[in-house]
2 protein chains.
Amino acid sequence: MTPNLEPPYTAVIFTSTRTEQGADGEYDAMAARMANLAAEQPGFLGLDSTRGPEGLGISVSYWRTPEDARAWKRDVEHREAQRLGIEEWYAAYRLRVATVEREYGRG
Amino acid sequence: MTPNLEPPYTAVIFTSTRTEQGADGEYDAMAARMANLAAEQPGFLGLDSTRGPEGLGISVSYWRTPEDARAWKRDVEHREAQRLGIEEWYAAYRLRVATVEREYGRG
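Residues numbered from 1 in each chain as written. Chains lettered and ligands numbered in written order. Predicted model: local features only at pLDDT ≥ 70, side-chain atom pairs only at ≥ 80, totals over all residues. Heavy atoms only, no water.

*Asks:* Tell me what's going on with the overall build of chain A, and back it up with residues and numbers.
*Replies:* Check the secondary structure of chain A and you find 3 helices and 4 strands. Along chain A, helices (α) and strands (β) appear in the sequence β-α-β-β-α-α-β when read from the amino end. A compact globule built from 107 residues should have a C-alpha radius of gyration of about 13 Å, and chain A, at 14 Å, falls within 12% of that. Along the first, second and third principal axes, the C-alpha atoms of chain A reach 40 × 30 × 20 Å. (Helix = DSSP H or I, 4+ residues; strand = E, 2+ residues; numbered from the N terminus. Rg over C-alpha atoms; globule rule 2.2 N^0.38 Å.)

Listed below in structure tokens is the structure:
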């Protein structure tokens, strides 16, 4: 779970439901690869990602600026993952780009 | 999964990990009650919520304005649920208030 960050920064909220298509291992490996690759990008602040037993997945990635988030979207290897996601893995998906203005919590 | 909405609007990103404390049934009943109650509030646009097998929960609620989100935070029954969450149910939690500026997707 991503700890406290300093607003303002950019959050990319990605929600999805999976198709039955494709071996789960293949998808999981790609998701893990993308998480590791994202963490190496300039401006990356954190990633919270989970998928419940009912199939809804939510991933929120945090970035210093909107430009940092956009650069990651355009990463060549990431683009190929996006293509596979859209064509094969996701029954439905939605991506929302937001500016975090305040936050609080514990731990 | 919440379908397309019309930016700008407010997203409240809530991440949490659970304690072992409290019967799961009790927590689940409260979470379901809060989801139903939220959906009745002015300005409510949608809720995406999931918790993975590793214990990370992500809930994103969408609101027409920041004031709508704030009014829900102050709801009396919701406040009691927040108190229980902080004192008993969440090992760690973080709440982020964001403005969604654009979105896209399918389904």
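*Asks:* Could you give me a rundown of a positive patch on the surface, with the residues and numbers involved?
*Replies:* Residues Arg102(A), Arg70(B), Lys73(B), Arg74(B) and Arg79(B) make up a contiguous surface patch of positive charge. With 3 residues, helix 2 (residues 66-74) of chain B is the single largest residue contributor to the positive patch. Along the chain, Arg70(B) turns up in helix 2. (Patch = residues over 30% accessible without salt bridge, like charges linked within 9 Å, V, L, I, M, F, W, Y side chains within 5 Å. Areas by Shrake-Rupley, 256 points an atom, 1.4 Å probe, with all protein chains shown as cover. Salt bridge = Lys/Arg side-chain N within 4 Å of Asp/Glu carboxyl O. Lys, Arg positive; Asp, Glu negative; His and termini not counted. Charge placed at Lys NZ, Arg CZ, Asp CG, Glu CD.)

*Asks:* Tell me what's going on with the packing of helix 2 (residues 66-74) of chain A against helix 3 (residues 76-89) of chain A, and back it up with residues and numbers.
*Replies:* Residues and elements named next belong to chain A. With their axes 5 Å apart at the nearest point, helix 2 and helix 3 run at an angle of 70 degrees to one another. For the element pair helix 2 / helix 3, the angle class is roughly perpendicular. Together, Trp72, Lys73 and Arg74 of helix 2 and Val76, His78, Arg79 and Gln82 of helix 3 make up the contact between the two elements. Taken together, the residues of the contact of helix 2 with helix 3 sort by class into 2 nonpolar, 2 polar and 3 charged. (Axes fitted to C-alpha atoms, helices over the stretch in contact; angles between N-to-C directions. Parallel < 35°, antiparallel > 145°, perpendicular 65-115°, else oblique. Contact = heavy atoms within 4.5 Å. Nonpolar A, V, L, I, M, F, W, Y, C, P; charged D, E, K, R; others polar.)

*Asks:* Please give an account of the interface of chain A and chain B that cites residues and values.
*Replies:* Opposite the 43 residues of chain A that make contact, chain B presents 43 residues. For the pair chain A and chain B, the summed buried surface comes to about 3800 Å²; carbon and sulfur atoms form 50% of the total. Its salt-bridge partner being Glu103(B), residue Arg96(A) comes within 3.2 Å of it at the nearest N-O pair. Counting the contacts that link chain A with chain B gives 35 residue pairs in polar contact (both at pLDDT 80 or more). Contributing elements (two or more residues each) for the side of chain A that touches chain B: strand 1 (9-18), strand 2 (44-51), strand 3 (56-63), helix 2 and strand 4 (90-106) of chain A. When residues in the side of chain A that touches chain B are grouped by element, the largest group, 17 residues, is from strand 4 of chain A. The residue makeup of the side of chain A that touches chain B, split by class, is 21 nonpolar, 11 polar and 11 charged. Alignment of strand 4 of chain A against strand 4 (residues 90-106) of chain B, held across 13 bridges, turns out to be antiparallel. Bridging from a neighbouring strand, Ala98(A) pairs with Val100(B) of strand 4 of chain B. (Buried area = accessible area lost by both parts, 1.4 Å probe. Polar contact = N/O pair within 3.5 Å; in protein donor to acceptor, adjacent residues only side chain to side chain. Pairing = 2+ DSSP bridges.)

*Asks:* Go over the confidence of the model for chain A, please, and point to the residues and values.
*Replies:* All names here are of chain A. With 96% of its residues at a pLDDT of at least 70, chain A reaches an overall mean of 94. Highest mean pLDDT in chain A belongs to helix 2 (98); lowest belongs to helix 1 (residues 24-39) (92). Two summary scores accompany this predicted model of the complex, namely pTM at 0.96 and ipTM at 0.95. (pLDDT = per-residue confidence, 0-100.)

*Asks:* Break down the packing of aromatic side chains for me, with residues and values.
*Replies:* Under the defined criterion, the tally for this structure stands at 16 aromatic pairs over all chains. Sitting above the plane of the Tyr62(B) ring, Arg96(A) keeps its charged end 4.4 Å from the centroid. Lying across the ring of Tyr27(B), Arg18(B) places its NZ or CZ 4.1 Å from the centre. (Phe/Tyr/Trp six-rings, centres within 6.5 Å; stacked < 30°, edge-to-face > 60°. Lys NZ or Arg CZ within 6 Å of the ring centre and 35° of its normal.)

*Asks:* Kindly report on the pairing of strand 2 of chain A, identifying the contributing residues and their values.
*Replies:* Pairing analysis gives 7 bridges linking strand 2 of chain A to strand 3 of chain A, with the strands arranged antiparallel. What sits directly across from Leu47(A), in strand 3 of chain A, is Ser61(A).

*Asks:* Now, about the environment of Gln41(B): what can you tell me, with residues and values included?
*Replies:* Within the secondary structure, Gln41(B) sits in the loop between helix 1 (24-39) and strand 2 (44-51). Each C-alpha atom of the pair Gln41(B) and Trp72(B) lies 6.9 Å from the other, and the pair is 31 residues apart in sequence.

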